[in-house]
Amino acid sequence: MDSYTNRDEELEHTHLDPHEWRYICEGNAKVAFAYTGSDLQFAGWVLRLNKCFLDDENEVSSNQDTLLKEIEYLQKNNTFEIDVIGSLIGVQYILPQRSTYVTHIFLSQLNELAASTRPSHRANTHIDTRQQIGVLVPNMLTSLAPTPAPGVHTITVELKPKWGFLTKSTLISDKNSIKRRVCRYCMHQYTKHDADNRSTFCPLDLFSDDYKRVVYALDCLALSPQNNIRVFVGGQILSAPLQLCLEGVPLWDKLKHTLARIILAEGILIKLKHLQSSLDSLDIEGVFPRYQRAVKSGTLADEEPTLNDWVNTVAEFRRTNDICGHANGSERRINDKQAVLEFLLSTVLKDISIMIAVEQIPSQSASSRTAAELPKYRIAIVDTEPKKLSKMSVYLERYQRIVSNYLESHPDPDKQKHCQE
Ligand SMILES: O=P(O)(O)O[C@@H]1[C@@H](OP(=O)(O)O)[C@H](OP(=O)(O)O)[C@H](O)[C@H](OP(=O)(O)O)[C@H]1OP(=O)(O)O
Ligand SMILES: Nc1ncnc2c1ncn2[C@@H]1O[C@H](COP(=O)(O)OP(=O)(O)OP(=O)(O)O)[C@@H](O)[C@H]1O
């Protein structure tokens, strides 16, 4: 596995040409562009930019003050990514970052150039042209070798695995006891999609330690990708993973086995599942009253947590887990602020994406976890920004709505799903 060194925080002042940046993809908050020009300082890097709602830009404010705030914010997020998320999941999964100045005109032109490629459901947002700094991260879609061999294609799979556990919290109300049997993703399908578009993917299969279940989960994702799997070949996104084909040979069946073996060899999803569930051991139902109490008593202020708050939360999480083994939060006797910040860390880990890049898919049909050597690959996690304290009520309401919608469509307990851990 290739690795990078971290903490390259230089801010670069270079003229950027919008025609040299190709739109890759976007999420709710960010959009990524790959460098296509010949300047070596950007070759192999991706520019990640903030988005905003179209109306937001009426609030114009771009002066030295906002620049300093932007620098502070980016540094905080970068340190959070390395020292908080990296220290939990493994710093080897965190991509290094650099920053570069971006101008209003460059961003406006990028907005125009990318408009026709962007998905229609994101049309109410665009690149925030007020930002003065863009973040550069290594491009996970390009070749693993410095000089790609002719005919070698980099295949990159982006997985957004979501929630990998069923809650064991003792603080769930009887009316919501379904949370102990049906995972949040499977229930959420009934809020997000109509009958024709629901997925059969269950994250608990993907997060399992069972090779066949992992492969099955990948197949379900391939059949209904939604925003949980994307496959890129040579930097270009495929319309569906099942379209994967090189020189006329369909490759999804081989790729899925390679992926399953990488996932299990890394142990990344098992670790992620353990972290998600132990950091969310109370469930939002158990943690929300503690949040309210902490706000009332002033233990939690209106402001978002500082870096120190996050680092201390991880240290205390480790300390109390060491004392109590893997006991749940109510047994660990953690204070209210700790409980809330642990929940928010879990929320980050439930929303990250994992990018896995491979260049060769072994030709022998390796259909078991030990069957063949792993190909050379690169793996990283993306989207690790802290979740906001101010969203605690949103989290409570959203999960409540997900449960209510599921129960409404499955009033008969015999017809309800039973997700297996
Ligand atoms: O609550 P969820 O599970 O719908 O997760 C949201 C994601 O929805 P999806 O994965 O499609 O279900 C949502 O993804 P999409 O915009 O749907 O691609 C975001 O990742 C959102 O995070 P944030 O508010 O941008 O920080 C995510 O919100 P958080 O709950 O992580 O804050
Ligand atoms: N290092 C990278 N190399 C290649 N592509 C990348 C890289 N980082 C991000 N991307 C692409 O950009 C997309 C958007 O980035 P990101 O996930 O950070 O956005 P987001 O708005 O925070 O996402 P979400 O809505 O899931 O919270 C990713 O889904 C991925 O396809």
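Numbers given to residues run from 1 along each chain, matching the order in which its sequence is written. Chain letters and ligand numbers both follow the written order, the letters beginning at A and the numbers at 1. Under the rules for a predicted model, residues below a pLDDT of 70 receive no local features and side-chain atom pairs below 80 are neither given nor counted, while totals for whole chains, interfaces and linings still include all residues. Processing note: side-chain calculations cover all non-hydrogen atoms of the structure and skip hydrogens and water entirely.

### Structural notes on the side chain of Asp-283
Phase 1: Under the scheme used here, helices are H or I runs from DSSP no shorter than 4 residues and strands are E runs no shorter than 2 residues, and both carry numbers assigned from the N terminus. Tracing the chain through its elements places Asp-283 in helix H8 (residues 283-297).
Phase 2: When sequence neighbours within four positions are dropped, the list of residues in contact with Asp-283 reads Thr-167, Ser-169, Ile-172, Lys-179 and Tyr-399. By the convention used here, residues are in contact when the closest approach between their heavy atoms is within 4.5 Å.

### Re the site of ligand 1
Phase 1: Whether a residue is near a molecule or strand depends on its heavy atoms: it is near if one of them lies within 4 Å of it. Near ligand 1 you find 13 residues, and of these Arg-122, Lys-192, Lys-387, Tyr-395 and Arg-398 are the closest.
Phase 2: Within 3.5 Å is the distance limit for a polar contact, defined as a pair of N or O atoms, with the added protein rule that one can donate a hydrogen and the other accept it, and that residues adjacent in sequence qualify only through two side-chain atoms. Contact between ligand 1 and Lys-160: an oxygen atom at 3.0 Å from a side-chain N or O atom of the residue.
Phase 3: At 2.8 Å from an oxygen atom of ligand 1 is found a side-chain nitrogen or oxygen belonging to Lys-391.
Phase 4: Look at ligand 1: alone it shows 590 Å² of surface, and the protein chains cover 79% of it.
Phase 5: Of all elements in the fold, only helix H3 (184-192) and helix H11 (392-409) reach the threshold of two or more residues within the shell around ligand 1.
Phase 6: Here the shell around ligand 1 gets three residues from one element, more than from any other, and that element is H3.
Phase 7: Residues belonging to the shell around ligand 1 are distributed by class as follows: one nonpolar, three polar and nine charged. Per-residue and other accessible areas were derived by the Shrake-Rupley procedure at a 1.4 Å probe size, with only the shown protein chains allowed to occlude residues. Each residue receives one of three labels: charged for Asp, Glu, Lys and Arg, nonpolar for Ala, Val, Leu, Ile, Met, Phe, Trp, Tyr, Cys and Pro, and polar for the others, Gly being one of them.

### Overview of unusual backbone geometry
Peptide bonds are mostly trans, and most non-glycine residues show a negative phi.
Phase 1: Despite not being glycine, Glu-247 shows a phi value in the positive range, around 50 degrees.
Phase 2: With respect to the secondary-structure elements, Glu-247 resides in the loop between strand E11 (245-246) and strand E12 (249-250).
Phase 3: Positive phi outside glycine occurs at Asp-383, with the angle close to 70 degrees.
Phase 4: Tracing the backbone shows Asp-383 in the loop between strand E14 (377-382) and H11.

### Some points on the packing of aromatic side chains
Phase 1: Here a pair means two rings of Phe, Tyr or Trp (six-membered ring of Trp) with centres within 6.5 Å. Their orientation is stacked below 30 degrees between planes, edge-to-face above 60, and tilted elsewhere. Scanning the model with the defined rule gives eleven aromatic pairs in all.
Phase 2: With centroids separated by 5.4 Å and ring planes inclined at 70 degrees, the aromatic side chains of Trp-163 and Tyr-399 adopt a geometry described as edge-to-face. With Trp-163 in the loop between strand E8 (155-159) and H3 and Tyr-399 in helix H11, this pair connects stretches of sequence that are 236 residues apart. By the burial criterion, Trp-163 is buried, and Tyr-399 matches it. Each residue is placed in one exposure class: buried if its accessible area under a 1.4 Å probe, protein chains only, is under 20% of its type's maximum, exposed if it is over 50%, and partly exposed if it falls in between.

### Brief notes about the sheet that holds strand E13 (residues 353-358)
Phase 1: DSSP-based pairing: two strands are paired if at least 2 bridges between them are found. One open sheet holds the five strands; their spatial order is E10-E9-E8-E13-E14, and the pairing between them is antiparallel. Each edge of the sheet is formed by a strand with only one pairing partner; in this case those strands are strand E10 (236-237) and E14.
Phase 2: In this sheet, E13 lies alongside E8 in antiparallel orientation, the contact comprising five bridges. Bridged to Ile-155 within E13 is Val-358.

### Quick notes on helix H5 (residues 211-223)
Every α-helix winds through 3.6 residues per turn, so residues three or four apart in the chain are directed the same way.
Phase 1: Any helix carries an expected span of 1.5 Å times its number of residues minus one. Along its 13 residues, H5 runs 19 Å from first to last C-alpha, staying within 8% of the 18 Å computed at 1.5 Å per residue.
Phase 2: Taken together, the buried residues of H5 touch E8, helix H4 (203-206), strand E9 (229-233) and helix H6 (252-266).
Phase 3: A side-chain oxygen of the first residue of H5 lies 2.9 Å from the backbone nitrogen of Lys-212; this N-cap is Asp-210.

### A few points about the environment of Gln-189
Phase 1: In this fold, Gln-189 is placed in helix H3.
Phase 2: What makes Gln-189 buried here is its relative accessible area of 2%.
Phase 3: Once the C-alpha coordinates of Gln-189 and Lys-387 are considered, the two residues, 198 residues apart in sequence, prove to be 22 Å apart.
Phase 4: When neighbours within four sequence positions are excluded, Gln-189 is seen to be in contact with Asn-197, Arg-198, Ser-199 and Gln-226.
Phase 5: Here the side chain of Gln-189 touches Ser-199 through a polar contact of 2.8 Å, landing on its backbone nitrogen.

### As for the site of ligand 2
Phase 1: Ligand 2 sits among 24 residues. The nearest are Asn-28, Ala-29, Arg-48, Glu-158 and Asp-383.
Phase 2: The separation between an oxygen atom of ligand 2 and a polar main-chain atom of Asn-28 is 2.6 Å.
Phase 3: A distance of 3.0 Å is found between a nitrogen atom of ligand 2 and a backbone nitrogen or oxygen belonging to Met-140.
Phase 4: Summarising the interface, the protein chains cover 94% of the accessible area of ligand 2, which totals 620 Å² for the free molecule.
Phase 5: If you list the elements that add at least two residues to the shell around ligand 2, you get strand E2 (21-26), strand E3 (30-35), strand E4 (45-53), strand E7 (133-138) and E9.
Phase 6: Broken down by element, the residue count for the shell around ligand 2 peaks at three residues, all from E2.
Phase 7: The class makeup of the residues in the shell around ligand 2 is 13 nonpolar, three polar and eight charged.
Phase 8: Residue ranges labeled as domains rest on an automatic or database domain assignment. Residues lining the shell around ligand 2 come from more than one domain, with at least three contributed by each of domain 1 (11-138) and domain 2 (153-421).

Everything listed is a geometric property; what it means functionally is a separate question.
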